[in-house]
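# Results of the structural survey
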Amino acid sequence: MPIRKSGDHYTHQMHGAQFHSYVAPSRGSRQLCAWRTELESGTEGAPHTVSHEEVFLVLQGSPAITLDGQRTELSVGDVVLVPESATVQLDNPGDSAASLWVTTSVGLTAVTADGGTVTPPWTC
């Protein structure tokens, strides 16, 4: 069914963050993936280079994003377009949790700083 209720998601954890997957091929999507990312205060993400564009929408908190070496503090309502082949790191230096909605296309992979390739399970 194309409608997902609030609790109708799969949760994955990686690099100190939680990823709540709502839209992915395993959920019936052919082209898109969408999830909510939650970062506890003090979370430092891992830099990675993405194979597809991503769009981040800040829902809660004050996360920071480093995009191709440029760090930007974000606020609720801010939107970030992460270009294909960009290196991105998402942190939460704030005192409270942060939450973001993320959308991308099917097939996203990421290359980590040590050269490893990751296919995020919340996109499958």
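See the structure above.
These remarks concern the structure in this document. Here the structure is a predicted model, which is why all the values come from computation and not from measurement. (Residues numbered from 1 in each chain as written. Predicted model: local features only at pLDDT ≥ 70, side-chain atom pairs only at ≥ 80, totals over all residues. Heavy atoms only, no water.)

Membership of the largest hydrophobic core comes to 20 residues, with the highest contact counts inside it found for Trp35, Phe56, Ile65 and Val82. Apart from the residues lying within four places of it in its own chain, the contact partners of Phe56 are Ile65, Asp78, Val79, Val80, Val82, Val88, Leu90, Leu100, Trp101 and Val102. (Core = buried A, V, L, I, M, F, W, Y, C linked by side-chain atoms within 4.5 Å. Buried < 20%, exposed > 50% of the residue type's maximum accessible area, 1.4 Å probe, protein only. Contact = heavy atoms within 4.5 Å.)

This structure, assessed with the given rule, holds three aromatic pairs. Look at Tyr22 and Trp101: their rings are 5.7 Å apart centre to centre, the planes differ by 40 degrees, and that puts the pair in the tilted class. You can see Tyr22 sitting in strand S2 (residues 17-23) and its partner Trp101 sitting in strand S10 (residues 98-105), a full 79 residues away along the chain. For the pair Trp35 and Trp122, a centre-to-centre distance of 6.3 Å together with 65 degrees between the ring planes defines the contact as edge-to-face. Here Trp122 lies in the segment after strand S12 (117-118) and Trp35 lies in strand S3 (residues 32-39), a separation of 87 residues in the sequence. On the accessibility criterion, Trp122 (5% relative accessible area) is buried. Within the aromatic cluster, the residues linked to one another by ring pairs are Phe19, Trp35 and Trp122. A cation over a ring is seen here: Arg27 above Tyr10, with NZ or CZ 4.5 Å from the ring centre. (Phe/Tyr/Trp six-rings, centres within 6.5 Å; stacked < 30°, edge-to-face > 60°. Helix = DSSP H or I, 4+ residues; strand = E, 2+ residues; numbered from the N terminus. Lys NZ or Arg CZ within 6 Å of the ring centre and 35° of its normal.)

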